[in-house]
Amino acid sequence: MILGYIAVFAPLVAFLLAGILGRKCGDKFSQFVTCTAVLMAAAASVQLFFTVILGSNPHTLPVMTWISSGNFNVDWALRVDQLSVIMMCVINIVSSCVHIYSIGYMSHDESKSRFMAYLSLFTFAMLMLVSADNILQLFFGWEGVGLASYLLIGFWYHKDSATAASIKAFVVNRVGDLGLLLGIFTTFIVFGTIQFDGIFNAVTDHTADRFDFFGYQIHALTLICVLLFVGAVGKSAQLGLHTWLPDAMEGPTPVSALIHAATMVTAGVFLVSRFSPVFEYAPDALMIVCVFGAFTAFVAATIGMTQFDIKRVIAYSTMSQLGYMFFALGVSAYSAAMFHLVTHAFFKALLFLGAGSVIHAMSDEQDMRKMGGIWKKIPVTYAMMWIGSLALAGVPFFAGYYSKDLILESDWASDSPVGHFAYYMGIAAALMTAFYSWRLIIMTFHGKPRADHHTMDHVHESPLVMIVPLLVLAVGAIFSGSVLYGGFAGIPHQKTVESKATEIDEIESEMKEATQDQMEHIIKSESADAIHETVWNKEAFFGKSIVVLPEHDSVAKAHHVEKWVKLLPTIVGAVGIFLAYLAYMFIPSIPAAMVRIFKPLHILFFRKWFFDELYHIVFVKTAAALGTFLWKRGDGQVIDGLGPNGVAALSQKVSTVLSKFQTGFVFQYAFMMMIGLMVLVTWVAHAMGLFDLIPQFLNMR
Amino acid sequence: MDFPILSFVTFLPLLGAVLLAVLKGDSESVAARSRIIALGVTTLTFLLSLPIMINFNPALADYQFVEKKIWFETYGISYHMGVDGISLFFVMLSTFLTPLCVLASWKAVTDRVREYMVAFLLLETFMIGTFCALDGVLFYLFFEAVLIPMYIIIGVWGGARRVYASFKFFLYTLLGSVLMLVALITMILHAGTADMTVLTGYRFAPEMQTWLWLAFFASFAVKMPMWPVHTWLPDAHVEAPTAGSVILAGVLLKMGGYGFLRFSLPMFPEATAFFTPMVFVLSVIAIIYTSLVALVQQDMKKMIAYSSVAHMGFVTLGIFTLNTQGIEGAIFQMISHGVISAALFLCVGVVYDRLHTRDINRYGNLSKNMPVYACVFVILMLGSVGLPGTSGFVGEFLSLLGAYKVDTVVASFAAVGVVLGAAYMLHLTRKVVFGPKVNDDAAAMRDLDGREKFIFLPFIVLVIFLGVSPSYVLDRIAPSVQNVIAQSTPVLAGDFSQTSSSSVVEDRSGGASQSSPGGASADDQKKDIKDTKDETNEKGNR
């Protein structure tokens with residue numbers, strides 16, 4: 001029982017200690033306290049993985065009352081179930097790596113204590129988010145990670161660009177949070193509670209409910225899901241509210257790895273997975289999620305191919321991979337999305353920390369055009385970047401291969417009308433992913449050195465304290481896919497006897513019609529299932545924490561898709577890698593030629609589809625102009641002009657006229673105002689019937 | 001009768017003021033002694049007010065610690081004091097803020113210290129009296145008397161344009177006051193009593209209610225302040241000395257909301273139902289309009305003043321939802337705003353004392369040489385933007401939830417204020433606390449000293465405590481809020497309509513279904529408000 005508390009609250013204690021005592025006790029103290037606490041939390045979460053998931057023992061830990069107003073009651077509590085434990089493991093393990101890495105990475109910084117304290121604060125908020133027992137606590141964590149993200153993006157507060165990016169991140173996220181907030185309101189009104197168990201147990205009673213929203217009678221569950229999804233769009237940088245994520249790269253690189261790749265940005269994926277019992281009954285909302293994810297995956301990949309800042313390339317890659325997770329969610333493949341979330345956390349954190357190692361080596365240079373020719377000087381970092389890229393591109397037997405393929409197969413297999421669309425968008429994105437990954441590797445490490453001598457002389461491998469976390473993450477990037485496949489690819493919902501029976505019937509009927517080839521395939525896939533089943537007890541992997549209706553179970557169907565559907569992602573990945581070698585190593589004139597030929601398209605991609613420019617005009621400038629207008633004209637001229645200043649001016653005018661009769665100015669001024677007031681008061685008193693009352697009152701006496 | 005603790009707490013500061021008035025000696029020693037006496041008296045008042053909160057029975061909806069003495073029998077006027085869950089925390093807020101104000105003025109005020117302290121002590125008596133009074137006349141006396149010391153504080157110890165600001169302040173509030181007085185006289189003559197507990201149960205005729213409601217509204221709307229009678233507030237804040245701003249934002253703005261809950265809602269339920277759509281529209285305009293204006297301010301105090309108007313928009317919105325979450329949220333928002341904005345004005349005061357400017361462009365990079373100050377500032381900023389875990393969130397969330405139950409359109413537009421609020425507060429923080437080093441003199445400022453740290457500590461503790469565990473407050477206001485909701489339920493048939501919503505009916509304990517004649521017109525009403533909203537929407541988009 002105590003494990004759950006340790007896993008969540010240890011980072012909070014570390015934050016408070018480092019935050020309050022850090023200035024007095026020194027940087028060493030803060031580093032020691034925060035790293036120890038997060039390592040403890042990580043150990044506790046791994047232990048929980050065994051007891052809660054493998055031991056099928058989900059439980060809820062009480063903390064204290066929070067808000068109680070009328071029939072609105074919400075408590076602080078930790079929900080330690082399969083879904084939250086998976087998240088806790090990812091968060092605490094990656095966070096431990098980042099904490100330790102930061103000791104090395106930030107060794108030249110002035111405010112190490114502050115940095116470590118913020119990292120721990122973030123970890124705590126993220127843990128609160130995933131272990132929430134109700135939507136409001138989830139919202140607490142949601143805004144808490146937003147705060148930590150704000151503080152860490154703007155960590156180097158003397159940089160104007162950093163503070164601007166931090167505000168952008170917070171405000172754009174707030175737009176999404178607005179949706180989440182309205183989603184919470186709607187949930188409360190529809191279900192009468194915002195506690196997860198209360199909501200999920202009552203979903204089937206509300207499938208036909210309508211909710212009056214802006215005068216329209218909307219299907220209540222769809223409305224709830226769409227509003228919650230708006231929140232997810234903001235936090236997970238989906239198309240439309242994604243503009244903050246690339247700018248967030250202003251923060252120190254460990255921050256990008258932890259917050260803007262591995263954990264915080266996946267909160268939206270977690271949110272939808274957590275609400276799977278509701279989303280299952282809102283097919284329209286699922287479709288929206290799927291389409292958003294597909295477009296995001298595609299658009300982000302197009303931008304990623306054209307950027308030169310090493311961190312921004314990885315940032316767009318993150319956005320693109322988040323798109324994958326969402327279009328998996330959109331076809332009810334929640335477990336596939338969670339699977340990709342886990343593998344992505346490892347390989348993307350690895351890529352970011354690897355990039356950080358490169359930046360560290362290159363004296364804080366981030367522009368890939370000024371790198372090159374350094375792979376021999378930093379071989380370990382180079383190897384790590386290779387592993388990360390192999391996993392990202394979905395090369396067989398690396399982590400990303402299992403999760404990405406599962407997503408694409410699920411989309412193909414699903415009955416959703418947009419499933420095939422998402423599959424093709426995903427394939428296109430996969431091609432581009434492989435391309436920009438190797439573009440990054442070649443531009444960064446190969447070719448002739450493009451940095452000046454001074455920088456090149458200083459290129460050095462990072463210290464051990466930075467390398468060890470990289471190695472840990474590399475192990476995850478290689479093995480997390482194959483090891484965890486059984487658990488995530490299994491069928492998440494509790495199989496009833498009937499569904500088992502129908503499944504057997506299906507297999508039998510399939511076998512009857514099958515040719516010899518297909519027969520072998522079916523037997524193989526079924527036996528593969530059986531193996532995973534024995535290792536993982538897959539029914540229990542997610543328990544009841546994820547709900548999938550039997551007819552939506554695209555992950556189960558994913559095992560039976562055509563062979564070409566399974567092979568295509570790997571093939572396009574290989575093609576992408578080959579094209580990158582062709583364009584950036586063998587025939588270096590290709591990129592420039594391509595830019596010339598597809599000029600408008602390149603501009604569109606390079607300028608990030610003009611989202612920033614559009615938003616700047618539509619929102620930023622308009623708000624400022626409107627604010628000035630309302631202040632100067634509205635308050636200044638209209639309200640004050642007609643109000644106090646008008647009265648003053650009027651009485652001044654009148655008294656100027658009257659002053660010809662040689663009386664005091666101040667007296668006139670007051671006199672006119674009193675007359676005006678008297679008239680008004682008399683009129684109101686008359687209207688109230690005060691004068692009728694007076695004789696009555698006198699009689700009474 | 002028990003020990004008259006309310007009277008004691010109310011008039012103790014007055015006693016202190018008298019003591020100060022008779023001080024003799026050279027100006028130097030008078031000033032020094034005035035500070036110490038004022039601090040002693042206000043601290044004692046705070047300590048004496050603690051038993052009120054501790055001994056308050058959270059299970060009761062009725063007034064507690066009641067004192068009643070007949071004053072003018074013929075007019076039904078009495079000296080009647082008491083607190084319930086609604087007023088309790090406003091009394092506490094007043095007694096909590098005043099000693100900190102005295103402490104904050106310790107070095108900043110050097111001119112006519114004795115008179116300054118007298119003004120603050122009088123102000124405290126009148127504030128506490130306002131929240132304790134249960135007699136209409138007594139309430140009116142305290143309510144209006146508050147203006148006098150405040151007017152003097154701005155007019156004497158204020159900034160360069162203090163005369164204009166205090167004139168504007170006076171003009172606005174005078175208008176409301178006179179109308180309220182007329183309404184009060186009418187009510188007393190009509191009902192034969194000035195006792196607020198009796199007036200609450202007295203059902204005035206609907207036509208009369210309309211006028212009475214409007215007269216009270218004129219006074220309370222100015223005090224809130226609501227849009228469009230808010231323009232006195234930024235000027236008053238800018239010109240007021242730091243401690244004046246603290247009291248103004250911390251307590252005086254709450255008197256309007258308190259008035260709505262004590263008078264408008266329970267005494268004129270039919271008129272309240274009739275005017276609710278109007279209040280909703282004004283609240284939403286206030287939130288969006290003033291947030292946009294706050295976005296472009298260069299003066300720190302003006303920005304926080306405009307943000308106050310926006311925050312008060314949530315309060316009026318919450319109060320007029322007439323459901324539990326809305327009203328409890330509104331009260332909580334007032335308490336929380338009283339803490340946060342008061343502390344924010346103190347924050348401005350800290351840097352103003354050092355650099356004598358409120359221009360946000362003159363600061364920047366304070367995090368570097370004033371880390372403690374930066375930390376305090378950021379925590380308060382987060383409270384102001386309503387981050388969950390701070391007190392600002394609870395009030396905003398509950399009042400919006402209450403509003404969403406009644407009307408999704410109104411609540412959704414009001415919620416836009418949450419985004420805008422983040423925008424201007426983060427902008428302010430970036431300009432003042434973060435950002436590159438701009439000025440050498442700003443970079444040379446020293447961090448908070450011991451006295452200043454001592455002042456801010458209780459604010460920070462409160463902001464977080466109320467955010468993490470608001471139930472201490474919510475549990476105590478809940479019974480009284482239920483009382484107000486029950487009293488505010490329209491029962492008289494008449495030419496009135498009420499906002500129709502199933503959830504509202506659910507919260508109002510019965511009775512709501514009795515006034516059915518306005519069913520159709522209720523829908524029209526709702527449609528009207530929506531049309532207006534759509535227009536604002538279009539304007540906003542353009």
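Predicted model only: the values in this text are computed from it and were never measured.

**Some remarks on the overall build of chain A**
A count of helical and extended segments in chain A gives 31 helices and 4 strands. The burial tally for chain A puts 59% of its 701 residues in the buried class. Residue pairs at least 24 apart in sequence account for 80% of intrachain contacts in chain A once pairs closer than 6 positions are excluded.

**What about the confidence of the model for chain B?**
All names here are of chain B. Looking at chain B as a whole, its pLDDT mean stands at 85, while 90% of the residues score no less than 70. Counted against residues more than four places away or in other chains, residues 493-542, with its pLDDT under 50, gives 65 contacts. The complex prediction reports pTM at 0.88, with the ipTM value standing at 0.87.

**Observations regarding the nonpolar core**
Most often, soluble globular proteins have nonpolar side chains that are buried together. One finds A:Phe72, A:Met126, A:Leu136, A:Phe275, B:Ile331, B:Phe397 and B:Phe459 to be the most contacted residues of the largest nonpolar core, which totals 446 residues. Take this core: its biggest share by element is 19 residues, from helix H15 (residues 334-361) of chain A. Once you skip the residues sitting within four places of it in the chain, B:Phe459 turns out to touch B:Phe96, B:Leu97, B:Leu100, B:Val339, B:Ala342, B:Ala343 and B:Leu346. Judged by nonpolar contacts, the second largest core, of 5 residues, contains A:Ala10, A:Ala14, A:Val33 and A:Ala41.

**Section: unusual backbone geometry**
Here the amide bond leading from B:Met224 into B:Pro225 is cis, since omega sits at -10 degrees, within 30 degrees of zero. The peptide bond linking B:Trp227 to B:Pro228 adopts the cis configuration, its omega dihedral lying at 5 degrees. Secondary-structure assignment places B:Pro228 in the loop between helix H9 (206-223) and helix H10 (232-239). Located in the positive-phi region is A:Ser332, a residue other than glycine, with phi close to 65 degrees. Along the chain, A:Ser332 turns up in the loop between helix H14 (310-329) and H15. A relative accessible area of 3% places A:Ser332 in the buried class.

**Remarks on the pairing of strand S3 (residues 210-213) of chain A**
Residue and element names in this part refer to chain A. The alternating pattern of S3 places Phe211 and Phe213 on a buried face, while none of Arg210 and Asp212, on the opposite face, is buried. Pairing of S3 with strand S4 (residues 216-219), which is carried by 4 bridges, proceeds in the antiparallel orientation. In the strand pairing of S4, Phe213 is matched with Tyr216.

**Structural notes on the interface of chain B and chain A**
Contact with chain B, which involves 82 residues of that partner, is made by 73 residues of chain A. Between chain B and chain A lies a buried interface of about 6,900 Å² when both sides are counted; carbon and sulfur atoms form 74% of it. The largest contributions to the chain B side of the interface with chain A come from B:Trp211, B:Tyr404 and B:Arg430, which together make up 10% of the buried area. A:Asp160 is paired through a salt bridge with B:Arg430; the nearest N and O atoms lie 3.3 Å apart. The interface formed by chain B and chain A holds 18 residue pairs in polar contact (both at pLDDT 80 or more) in total. The dominant element in the side of chain B that touches chain A, judged by the number of residues it contributes, is helix H7 (residues 162-191) of chain B, at 15 residues. Among the residues forming the side of chain B that touches chain A, the class breakdown is 52 nonpolar, 19 polar and 11 charged.

**Examining helix H19 (residues 408-432) of chain B**
Under the 1.5 Å per step criterion, the end-to-end length of H19(B) is 37 Å for 25 residues, consistent within 8% with the ideal 36 Å. When you tally the buried positions in H19(B), you get 21 out of 25 residues, the bulk of the element.

**Some remarks on the packing of helix H3 (residues 85-104) of chain B against helix H22 (residues 471-487) of chain B**
Each pair of packed helices can be described by the angle between their axes along with the distance between the axes. Residues and elements named next belong to chain B. Look at H3 against H22: their axes get within 7 Å of each other, and the N-to-C directions meet at 135 degrees. One finds that H3 runs oblique with respect to H22. For the pair H3 and H22, contact is made by Gly85, Ile86, Leu88 and Phe89 and by Tyr472, Val473, Arg476, Ile477, Ser480 and Val484, respectively. Along the lines of polarity and charge, the residues of the contact of H3 with H22 split into 7 nonpolar, 2 polar and 1 charged.

**Description of the packing of aromatic side chains**
All names here are of chain B. In total, this model carries 80 aromatic pairs over all chains according to the counting rule given. When the centroid spacing of 5.1 Å and the interplanar angle of 40 degrees are considered together, the rings of Phe169 and Trp232 count as tilted. Taken together, the positions of Phe169 in helix H7 and Trp232 in helix H10 put the pair 63 residues apart, joining distant regions of the chain. Take Trp232: its relative accessible area is 1%, and that puts it in the buried class. When the ring centre of Tyr472 is taken as origin, the NZ or CZ atom of Arg476, which lies over that ring, is 3.8 Å away.

**Side note on H9(B)**
Residue and element names in this part refer to chain B. Between its terminal C-alpha atoms H9 stretches 25 Å, which fits the 26 Å expected from 18 residues at 1.5 Å a residue. Phe217 marks the point of greatest bend in H9, at about 25 degrees. Burial analysis of H9 places 15 of its 18 residues in the buried class, which makes it a mostly covered element.

What counts, and where the lines are drawn
- Residues numbered from 1 in each chain as written.
- Chains lettered and ligands numbered in written order.
- Predicted model: local features only at pLDDT ≥ 70, side-chain atom pairs only at ≥ 80, totals over all residues.
- Heavy atoms only, no water.
- Helix = DSSP H or I, 4+ residues; strand = E, 2+ residues; numbered from the N terminus.
- Buried < 20%, exposed > 50% of the residue type's maximum accessible area, 1.4 Å probe, protein only.
- Contact = heavy atoms within 4.5 Å.
- pLDDT = per-residue confidence, 0-100.
- Core = buried A, V, L, I, M, F, W, Y, C linked by side-chain atoms within 4.5 Å.
- Pairing = 2+ DSSP bridges.
- Buried area = accessible area lost by both parts, 1.4 Å probe.
- Salt bridge = Lys/Arg side-chain N within 4 Å of Asp/Glu carboxyl O.
- Polar contact = N/O pair within 3.5 Å; in protein donor to acceptor, adjacent residues only side chain to side chain.
- Nonpolar A, V, L, I, M, F, W, Y, C, P; charged D, E, K, R; others polar.
- Expected span 1.5 Å × (residues − 1).
- Axes fitted to C-alpha atoms, helices over the stretch in contact; angles between N-to-C directions.
- Parallel < 35°, antiparallel > 145°, perpendicular 65-115°, else oblique.
- Phe/Tyr/Trp six-rings, centres within 6.5 Å; stacked < 30°, edge-to-face > 60°.
- Lys NZ or Arg CZ within 6 Å of the ring centre and 35° of its normal.
- Bend = angle between axes of the 7 residues up to and from the residue.

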